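# Chains, contacts and geometry: an overview
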Amino acid sequence: MEETIKKEKQCHFCLNNVKEIDYKEANLLRRFINSYGKILPKKRTGVCSKHQRKLAISIKRARVMAILPFTNK
Amino acid sequence: MSKTKSGEMPHYELLSLISNKFSEDEVKPIREKVNSLILSNQGKITLAEDLGKKRLAYPIKGFRYGYYNLVEFDLAGENLINIDRALRLMSEILRHQIVIKLVKTAEQIAEDKKIAEKIAARNVKEEKEVREKSAFGGKETDKDKVDLKDLDEKLDKILETNDLL
């Protein structure tokens, strides 16, 4: 019975006490984009609103520096 | 972003991407050029790190690889535009980005350490709980089976008595 009840996703950055998201951490940021390079909605990743805003900025900064792709066809 | 105290210079972080047409040895003077540019604008370099050659997420001017160079520095805000302009004119640098970096005070670092320890302890606990649960889960099913057998027997007995009546 307990297995069928889905555990609510929690914000990765709140859990790990991350205040500023570093745009140079490609492997971390890659978890929050899909295979096309688009930023995933927080509904899907469980990130809170506060960190989603910071995350979006970090991903966009990483794209400018060619750390993350703008798009993958 | 927290405002720095008056009189104190803001802290910046510069990441520059050096073109792949240079060899590893040729990159060094370029890096020094960037550092001297900051110093000539009365900046104070606190960290200079070479992130090495990396594959780019997409080709820039036909290059698929590039050297990343990270510099952190304190600088008066009005001089920042000079550095930005000079970097833009440097043909060796494909891309650069200057970002305000928050400086943690000693208190904040200590606090973060405490929280990090708590998080580590919590993670260990959670792992244990998961393990215990899976271990108990196996036992519980056994118990349930036994209980079910007992129940069946009891039910049979009751039914028998009912039949007798």
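Here the residue numbers are simple positions, counted from 1 along each chain's written sequence. Going through the entries in the order they are written, you letter the chains from A and number the ligands from 1. Local features in this predicted model are restricted to residues whose pLDDT is 70 or higher, and side-chain atom pairs enter the listing and the counts only when it is 80 or higher, whereas totals over whole chains, interfaces and linings include all residues.

### Some words on the interface of chain A and chain B
On the side of chain B, 14 residues touch chain A, which itself brings 12 residues to the contact. Tallied by class, residues from the side of chain A that touches chain B come to seven nonpolar, two polar and three charged. Two residues qualify as being in contact provided that their C-beta atoms, derived from the backbone, are within 7 Å of each other. Three residue categories are used. Nonpolar comprises Ala, Val, Leu, Ile, Met, Phe, Trp, Tyr, Cys and Pro, charged comprises Asp, Glu, Lys and Arg, and polar comprises the others, including Gly.

### Looking at the nonpolar core
Linking buried Ala, Val, Leu, Ile, Met, Phe, Trp, Tyr and Cys residues through C-beta atoms within 7 Å yields a set, and such a set is a nonpolar core. With C-beta atoms placed from the backbone, a residue is labelled by how many other C-beta atoms lie within 10 Å of its own: buried for 20 or more, exposed for 12 or fewer, partly exposed between the two. Counting 29 residues, the largest nonpolar core has Ile59, Ala62 and Met65 of chain A together with Leu17 and Ile38 of chain B as the members making the most contacts within it. A run of H or I in DSSP becomes a helix once it reaches four residues, and a run of E becomes a strand once it reaches two; helices and strands are each numbered from the N terminus. At the level of elements, α4 (49-64) of chain A together with β1 (11-18), α1 (24-40), β3 (63-74), α2 (80-89) and β4 (93-100) of chain B are the ones that each hand at least two residues to this core. Top element by residues in this core is β1 of chain B. It accounts for five residues.

### What about the pairing of strand β2 (residues 44-60) of chain B?
Residue and element names in this part refer to chain B. DSSP bridges decide pairing: two strands pair if at least two such bridges lie between them. Relative to β3, β2 runs antiparallel, the two sharing 11 bridges. Its bridge partner being in β3, Gly52 is matched across the sheet by Tyr68. Hairpin connection between β2 and β3: a loop of two residues separates the two successive antiparallel strands, and Lys61 in this loop has a positive phi of roughly 50 degrees.

### Topic: unusual backbone geometry
Here the phi dihedral of Asn17 of chain A falls at roughly 55 degrees; this positive angle occurs in a residue that is not glycine. Tracing the backbone through its elements, the reader meets Asn17 of chain A in the loop between α1 (12-15) and α2 (26-30). The partly exposed category is assigned to Asn17 of chain A, around which 13 C-beta atoms lie within 10 Å. A positive phi angle, close to 50 degrees, is found at Lys61 of chain B, a residue other than glycine. Among the secondary structure elements, Lys61 of chain B is positioned in the loop between β2 and β3.

### Points about the pairing of β1 of chain B
Residue and element names in this part refer to chain B. Of all eight residues in β1, six are buried, a share of seventy percent or more. Both β1 and β3 contribute to a ladder of eight bridges, which runs antiparallel. Among the inter-strand pairings, Ser16 is bridged to a residue of β3, identified as Asn69.

### Some remarks on the sheet that holds β1 of chain B
Residue and element names in this part refer to chain B. Read across the sheet, four strands follow the order β2-β3-β1-β4 without closing on themselves; strand pairing throughout is antiparallel. Across the chains shown, the open sheet's two edge strands, defined by having one partner strand only, are β2 and β4. Between one strand axis and the next, the sheet turns through 20 degrees on average, direction left out of account. Interaxial angle, 0 to 180 degrees, is taken between N-to-C directions of lines fitted to C-alpha atoms, where a helix line uses only the stretch in contact. The sheet strands contacting α1 are β1, β2 and β3, and the helix crosses β3 at an angle near 30 degrees.

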